[in-house]
Amino acid sequence: MNAVTASAPGKFVIMGEHAVVYGKPAIALAINRRFTVVVRKSKDFRINGERGNLSLNPHVRHIYEKNGSVPVSISMESAIPPGSGLGSSAALSVAVSAAMRAVNGGSLDSESIAKEAFDAEFSAQGRGSPMDTSASAHGMGIALNVPGCREHLWNIEKNGRSWDVCDVAVPKMSFVLGCTGIRAATGPLVEKVRKYKDRNRFASDIVDEIGTITLEGMEALNRNDPVRLGSLMTYDHKLLSILGVSCNELNKLVDAALPYSYGAKLTGAGGGGCMVALTDRPAEVADIIRSRGGAPYIVSTREEGVRVENIN
Ligand code: PMV
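Residues numbered from 1 in each chain as written. Predicted model: local features only at pLDDT ≥ 70, side-chain atom pairs only at ≥ 80, totals over all residues. Heavy atoms only, no water.

As for its position among the elements, Ser-261 is in the loop between α8 (248-257) and β10 (263-267). Under the relative-accessibility criterion, Ser-261 is labelled buried at 16%. Apart from residues lying up to four places away in sequence, Ser-261 is in contact with Ala-277, Leu-278, Thr-279 and Val-285. (Helix = DSSP H or I, 4+ residues; strand = E, 2+ residues; numbered from the N terminus. Buried < 20%, exposed > 50% of the residue type's maximum accessible area, 1.4 Å probe, protein only. Contact = heavy atoms within 4.5 Å.)

Right, here's the structure in full:
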């Protein structure tokens, strides 16, 4: 075996971000934009041809060390906009985990890959939840913390916290992402909500409300009801704005998309990054997002999770 090619999808959060940090439900859907890596055994450790500095790539390092530390050369190529809350870093960890496992003859089941990639993300960034890595490994759609879900996939535990990850049947619906181009780190936004919530009973009620409407969103998704789902997404955007995680640029793109959409909201941590619109007029939504200075991506869902593309 000379080289293994593996790829894994990005994702967006359709409902429940931030509240998921407090054990509330959240739903994420995989998208048809993937991170692809090629891993080859090599004399020394290289990333994209350059001698790799593992301390600059802590999540790759974590996976590398877990898989026997055989020197490898890793080439990376991504169609997922980085730093936009679309799970680019998680998709990299998931794809590297699959490729390293294939190189070493390890198990390629998506549960082991999701767990290893979450450990890597957690050790590198102290990430709040395993949503991105599970969505990327499993593909299609996943829900966290949904009681009585239709298909339980796996449970992940970390530092005394526990998440149940379930499969979501994703109907054919059409989404457009609108990215602001503003990079906003997730950690400080999670911290901002935590402080607000600790100080203010009212903020706790907003988090509870996000949890309640996310369960309703799950039902709307199961019923294939874009009208209801869209209106819940728009309401979720208002609640996230009250929590202080939206920004003018996101609000501008959400407002612009709404006349052509069932609903629209920021997706992921907020403060920049991207918004998502549920629409059956994707070309018009993409045009209006572009005209307001955003970068539109018409995405399709029902995307396959991690896969080994090629072993030779
Ligand atoms: O930055 P993203 O899109 O991966 O999403 C962050 C989602 C939060 O709920 C804000 C944090 C988390 O880890 O769940």
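Our focus in this paragraph is the site of the ligand. Around the ligand sit 15 residues, and of these His-18, Gly-85, Ser-129, Asp-132 and Thr-186 come closest. Contacts to the ligand include Thr-186, whose side-chain N or O atom sits 2.9 Å from an oxygen atom. Protein chains bury 98% of the 380 Å² of accessible surface belonging to the ligand in isolation. Of all the secondary structure elements, the ones that give two or more residues to the shell around the ligand are α4 (131-138) and α5 (186-199). Residue composition of the shell around the ligand, grouped by class: five nonpolar, six polar and four charged. (Near = heavy atom within 4 Å. Polar contact = N/O pair within 3.5 Å; in protein donor to acceptor, adjacent residues only side chain to side chain. Areas by Shrake-Rupley, 256 points an atom, 1.4 Å probe, with all protein chains shown as cover. Nonpolar A, V, L, I, M, F, W, Y, C, P; charged D, E, K, R; others polar.)

A few words now on the packing of aromatic side chains. Evaluated as defined, the whole model comprises four aromatic pairs. An angle of 55° between the planes, with centres 5.0 Å apart, marks the rings of Phe-12 and Phe-175 as tilted. Here Phe-12, found in strand β1 (residues 3-15), pairs with Phe-175, found in strand β9 (residues 175-179); they are 163 residues apart in sequence, far enough to count as distant. For Phe-175, a relative accessible area of 1% puts it in the buried group. Sitting over the ring of Tyr-22, Lys-197 keeps its end group 4.6 Å from the ring centre. (Phe/Tyr/Trp six-rings, centres within 6.5 Å; stacked < 30°, edge-to-face > 60°. Lys NZ or Arg CZ within 6 Å of the ring centre and 35° of its normal.)

This part is about the sheet that holds β10. Ordered by their spatial adjacency, four strands build an open sheet running β10-β11-β9-β12, and the pairing between neighbours is antiparallel. The sheet is open, and its two borders are formed by β10 and β12 (295-299), each paired with just one other strand. Recorded for the sheet is a direction-independent mean angle of 25° between the axes of neighbouring strands. Sheet topology note: the β9/strand β11 (residues 274-278) ladder contains five bridges and is antiparallel. (Pairing = 2+ DSSP bridges. Axes fitted to C-alpha atoms, helices over the stretch in contact; angles between N-to-C directions.)

What follows concerns the pattern of salt bridges. Close approach of charged atoms lets side chains of opposite charge pair. The full count for this structure, using the stated rule, is 19 salt bridges. The shortest N-O distance in the salt bridge between Asp-132 and Lys-11 comes to 3.2 Å. Here Lys-11 lies in strand β1 and Asp-132 lies in helix α4, a separation of 121 residues in the sequence. Residue class for Asp-132 comes out buried when judged on its relative accessible area of 10%. (Salt bridge = Lys/Arg side-chain N within 4 Å of Asp/Glu carboxyl O.)

On to the packing of α5 against helix α6 (residues 201-222), then. Relative orientation of the contacting elements α5 and α6 amounts to 120°, with a least axis distance of 5 Å. As far as their axial angle goes, α6 and α5 are oblique. Crossing of α5 against α6: the hand is left-handed. On α6, the residues touching Tyr-196, Lys-197 and Arg-199 of α5 are Arg-201, Phe-202, Ala-203, Ser-204 and Val-207. Residue classes in the contact of α5 with α6 are distributed as four nonpolar, one polar and three charged. (Parallel < 35°, antiparallel > 145°, perpendicular 65-115°, else oblique. Left-handed = near helix turned anticlockwise from the far one by under 90°.)

It is worth spelling out the state of the cysteines at this point. Enumeration over the complete set of coordinates arrives at two disulfides. In this model, Cys-149 is linked to Cys-166 through a disulfide, with the two sulfur atoms separated by 2.0 Å. Taking the sign of the S-S torsion, about -65° here, the bridge from Cys-149 to Cys-166 comes out left-handed. Residue Cys-149 is located in the loop between β6 (141-144) and β7 (151-158), and its partner Cys-166 is located in strand β8 (residues 161-167); the two are separated by 17 residues in the primary sequence. Each member of the pair, Cys-149 together with Cys-166, is buried. Disulfide connectivity for the chain, with bonded cysteines indexed by sequence position, reads 1-2, 3-4. (Disulfide = S-S within 2.5 Å.)

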